[in-house]
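Inside the fold
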Amino acid sequence: MTLADDLEKARAALTMIHREPFNAEAPPDALNGDITPTELHYVRSNFAVPAHDGALEIGGAVEHPRTLTIDGLRAMPSVERVVTLECAGNGRLAMRPLPAGEPWGDYAVSTARWTGALLHQVLEQANPSAEGVEVRFTGADHGSYLLHPVLTDVNSNDLTFVRSLTLAHATDPEAEILVAYEMNGEPLDPDHGAPFRLIVPRWYGVASVKWLTHVDVLTEPYAGEFETGHYMYQWADRPPERVTLMRVRARITDPARGATIPVGTYTVRGKAWSGAGPITNVDVSVTGEGDWHTAQVEPPKGPYQWQDWSFAWEATEPGRHSLRARATDAAGDVQPHVPPWNRLGYGNNAIEVSYVDVR
Ligand SMILES: Nc1nc2c(c(=O)[nH]1)N[C@H]1C(S)=C(S)[C@@H](COP(=O)(O)O)O[C@H]1N2
Ligand SMILES: [Mo]
């Protein structure tokens, strides 16, 4: 099979948002399980899948610059982590006024098991200079940018996907940032960053640079289209902020939106996640304003993955019922009722409203 055939096959089960570059949501029932099968994991790429020569250059302000290959990464201690990734643009379609950008519904979120080397160990081997402040991550993908760049000094005909993290974050063993080469036990597929990518737990997906080619320690903060142009919250009434941690959010997975269910007890189920800490509480409402009931939240199965919750609903009244679920995390963050509007449409974690017909 050619690469094109493989890609077509890998993409067939997703809800396509954009053909080239390929962007697609997970099908709703992909959220039922703990792990999203690779072929159902959402895909978000700013440029077409690039060629990658297999080399990872570690450089910049380091004592020992070096070139790593997949074999070099595999020779390091390997770590496996289950990580929920959500695109910062997930839920953009529900924002008003509607921002420009990919029209994501609510399914640009998935959870996979990633295997790789720890970034802090890769950096330790290179020994960053004491003057280092940030680490810059470059992807192999580049090209003309569909959206107008926010920054005025960039050439939109040939942009490269580049991101940065503070040196403190990148070298923090507790952050457990991975240079991942396997997803769900298989080598990465082209849409998810083959041959290796960054996985930054707790952060919106944008930080997890795919098709990684360069890791450079910088002595000045990095500015670039995908760091300080796009992927910034441009609020209406306060200074702009970077998109970082995933905001607290709950999703109802069962019953499906608009489903018809029989009169009786129905176990409402869903997922909840937050980059700021475990979910401590999920409340469910079946009446509209007021009347929140405490759902049962399952303990986290790992530090970086969504949690299950459920609520036994006595659906005794035939008719249409609104359903809402509202999550709270260990940092005390609670979902808002109204999407927190910002010009580029990021971080919509508003309480979702769905309905079911009881017959
Ligand atoms: N090189 C590169 N890395 C990237 C991107 C990209 O466009 N190019 N998109 C980012 C964004 S916005 C998200 S949400 C995640 C999506 O990862 P996935 O496609 O494996 O789901 O990859 C991130 N890493
Ligand atoms: Mo994203």
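Residues numbered from 1 in each chain as written. Chains lettered and ligands numbered in written order. Predicted model: local features only at pLDDT ≥ 70, side-chain atom pairs only at ≥ 80, totals over all residues. Heavy atoms only, no water.

**Comments concerning the site of ligand 1**
Looking at ligand 1, there are 20 residues lining it, with Asn46, Asp141, His192, Arg197 and Lys210 nearest. Between ligand 1 and Tyr42 there is a distance of 2.7 Å, counted from an oxygen atom to a backbone nitrogen or oxygen. In this structure, an oxygen atom belonging to ligand 1 sits 2.7 Å away from a side-chain N or O atom of Arg197. Bound to the protein, ligand 1 loses 100% of the 530 Å² it would expose on its own. Of all the cavities here, the one that holds ligand 1 is the largest cavity. (Near = heavy atom within 4 Å. Polar contact = N/O pair within 3.5 Å; in protein donor to acceptor, adjacent residues only side chain to side chain. Areas by Shrake-Rupley, 256 points an atom, 1.4 Å probe, with all protein chains shown as cover. 1 Å grid on protein atoms, 1.4 Å probe; cavity = no way out; pocket = protein on both sides within 12 Å on 5 of 7 lines; lining within 4 Å. Sits in = over half its atoms within 2 Å of the grid points.)

**A closer look at the domain arrangement of the protein chain**
For the protein chain, the assigned domains are domain 1 (3–242) and domain 2 (249–358). Between the C-alpha centres of domain 1 and domain 2 there is a distance of 28 Å. Here domain 1 meets domain 2 over a buried area of about 3,100 Å², counting both sides, of which 51% is carbon and sulfur. Across the domain 1-domain 2 interface, the total number found is 4 salt bridges. Between Arg249 and Glu86 there is a salt bridge, with its nearest N and O atoms 2.6 Å apart. Of all the secondary structure elements, the ones that give two or more residues to the side of domain 1 that touches domain 2 are β5 (79–86), β6 (109–118) and β13 (232–233). Take the side of domain 1 that touches domain 2: its biggest share by element is 5 residues, from β5. Its residues placed into classes, the side of domain 1 that touches domain 2 shows 20 nonpolar, 12 polar and 9 charged. (Domains from an automatic or database assignment. Buried area = accessible area lost by both parts, 1.4 Å probe. Salt bridge = Lys/Arg side-chain N within 4 Å of Asp/Glu carboxyl O. Helix = DSSP H or I, 4+ residues; strand = E, 2+ residues; numbered from the N terminus. Nonpolar A, V, L, I, M, F, W, Y, C, P; charged D, E, K, R; others polar.)

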